[in-house]
Amino acid sequence: MNYPQVLVLIILSLRDVIEKLFSDAIEQRKEDILQNSDVARSLATFQKYGNDQMPTVRNTGRINPQGGGFFSGVLTALTCVAVVLLGYHWSSREFEEDHLVHKPVAKWTAKEVIIWLEQLGPWASHYKERFLLEKANGRLLLTLTEEDFTKEPFSIENSNHRKAIMAELERVKALGVKPPQNLWEYKAVNPGKSLFLLYALKSSPRLSMLYLYLFDYTEAFLPFIHTICPTQDVYEDAVTKLIDLQDPSWKQWREFIVKYLFLPYQLIAEFAWDWLDVHYWTSRFIIVNAMLLSVLELFSFWRLWSRRELKTVPHRMWRHFWKALTQGLFVAIFWPFIPQFVCNCLFYWALYFNPITNIDQVVKEVRRPET
């Protein structure tokens with residue numbers, strides 16, 4: 001039974017349920033409609049078409065061998081979930097131009113200072129009322145020192161909390177705006193880099209991580225490796241952990257290199273897992289996509305091994321390297337001419353809809369005779 005037939009059965013079942021629940025109202029509505037001859041004629045034609053289709057639906061009992069049927073229905077349902085999630089995300093968050101990452105700190109209101117404070121972690125919410133009572137806006141925030149936080153009205157007794165607030169405040173003073181602390185703020189500040197990383201980590205995870213190490217070590221690679229290969233220190237939240245990072249230890253490098261060589265997509269999944277509290281649904285989409293990409297990569301190596309083509313791996317890697325380099329240069333050249341709307345569509349497609357298409361690819365790989 002393919003998906004259109006399943007949809008017909010669902011619609012017919014819903015019709016039967018509605019007729020039982022609201023029988024009186026439906027009968028009254030039928031009488032009103034049947035008084036119009038044109039409408040009655042159209043309904044009769046539609047009913048005849050439906051009756052002609054029912055024998056086909058009932059007599060069809062085999063599964064579509066090309067990956068349709070149940071899986072196409074599941075994919076459609078997941079697509080609807082992704083669309084709803086995307087719509088909720090667009091409707092619930094502020095426009096990117098209104099983010100504090102674009103607004104000079106000296107122009108922050110007292111409420112925006114609270115927003116900045118709360119994003120430091122759950123522990124910072126304990127001090128929200130103290131900042132509100134003081135009506136601390138952006139200008140006042142820039143004048144505060146660690147000694148001020150020990151006195152009234154702030155009275156922050158926990159030394160680690162004071163250090164975390166001061167470290168983030170120093171970053172704000174240096175940048176003049178709020179530094180990005182989640183995916184959406186990072187995308188607002190670095191739209192090109194975020195789109196590049198999203199597609200590059202999907203298609204070339206090892207090359208992308210090597211690029212981050214060589215060209216974006218402090219801003220991107222250090223937070224990445226400290227998140228996926230953490231030290232034994234205990235932190236209260238993801239943001240505090242990424243303040244004042246040091247160079248990785250040899251133990252962290254060993255763990256990273258092993259996963260980098262054999263399970264690169266697991267590194268991405270572990271990074272997303274660490275941000276579940278910040279990005280509840282988006283992190284889950286990333287984790288699922290990383291798992292699916294790991295399975296697809298495993299299938300690719302299995303196919304090469306079964307065909308005894310493992311000797312071609314170096315050649316394939318070299319060819320893939322030049323392909324990725326060419327695509328990167330092409331995008332870099334034409335990036336200034338690409339509309340922002342197109343970039344946003346590509347970004348959200350890769351984020352929310354690629355996992356759905358990868359499910360279909362995994363199903364097709366499983367059904368391959370050689371698999």
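As a reminder, the structure under discussion sits directly above these lines.
Conventions used here
Residues numbered from 1 in each chain as written. Predicted model: local features only at pLDDT ≥ 70, side-chain atom pairs only at ≥ 80, totals over all residues. Heavy atoms only, no water. Disulfide = S-S within 2.5 Å. Helix = DSSP H or I, 4+ residues; strand = E, 2+ residues; numbered from the N terminus. Contact = heavy atoms within 4.5 Å. Phe/Tyr/Trp six-rings, centres within 6.5 Å; stacked < 30°, edge-to-face > 60°. Buried < 20%, exposed > 50% of the residue type's maximum accessible area, 1.4 Å probe, protein only. Lys NZ or Arg CZ within 6 Å of the ring centre and 35° of its normal. Polar contact = N/O pair within 3.5 Å; in protein donor to acceptor, adjacent residues only side chain to side chain.

Caption draft 1: Just the state of the cysteines, in detail. On inspection of all chains with the given rule, the structure shows 0 disulfides. The thiol of Cys 345 is unpaired, and the distance to the nearest cysteine sulfur, on Cys 343, comes to 9.2 Å.

Caption draft 2: Seen up close, the environment of Glu 255. Considering the arrangement of structural elements, one finds Glu 255 in helix 15 (residues 250-262). A sequence separation of 30 residues divides Glu 255 from Ile 225, and the C-alpha atoms of the two residues are 9.7 Å apart. If we ignore the near neighbours within four places in the chain, the residues touching Glu 255 are Ile 228 and Cys 229.

Caption draft 3: Local environment of the packing of aromatic side chains. Going through the model one piece at a time under the given rule, you end up with 27 aromatic pairs. Taken together, a centroid distance of 5.6 Å and an interplanar angle of 70° make the contact between Phe 321 and Trp 322 edge-to-face. By relative accessible area, Phe 321 is classed as partly exposed at 31%. Among the aromatic residues, those joined into a ring-pair cluster are Tyr 213, Tyr 217, Phe 221, Trp 253, Phe 256 and Tyr 260. Geometry around Phe 347 places Lys 187 over its ring, the cationic atom sitting 5.2 Å from the centre. Here Arg 284 stacks its cationic end above the ring of Tyr 280, 3.9 Å away from the centre of that ring.

Caption draft 4: A look at the side chain of Asp 216. Looking at the element boundaries, Asp 216 is found in the loop between helix 12 (205-215) and helix 13 (217-228). When its relative accessible area of 9% is taken as the criterion, Asp 216 is described as buried. Not counting chain neighbours up to four residues away, the residues in contact with Asp 216 comprise Tyr 186, Lys 193, Tyr 211 and Phe 221.

Caption draft 5: Quick look at the side chain of Ser 283. Structurally, Ser 283 is set in helix 17 (residues 280-306). Using a relative accessible area of 3% as the deciding quantity, one classes Ser 283 as buried. A polar side-chain atom of Ser 283 sits 2.8 Å from the main-chain carbonyl oxygen of His 279. Apart from residues no more than four positions distant in its own chain, Ser 283 is found in contact with Ala 272, Trp 275 and Leu 276.

Caption draft 6: View of the environment of Ile 287. Locating Ile 287 in the fold gives a position in helix 17. According to the relative accessible area criterion, Ile 287 is buried, its value standing at 12%. Along the backbone, Ile 287 and Phe 271 are 16 residues apart, and their C-alpha atoms lie at a distance of 8.8 Å. Residues in contact with Ile 287, not counting those within four places in the same chain, are Ala 269, Ala 272, Trp 273 and Leu 276.

Read these as spatial facts, not as claims about activity.
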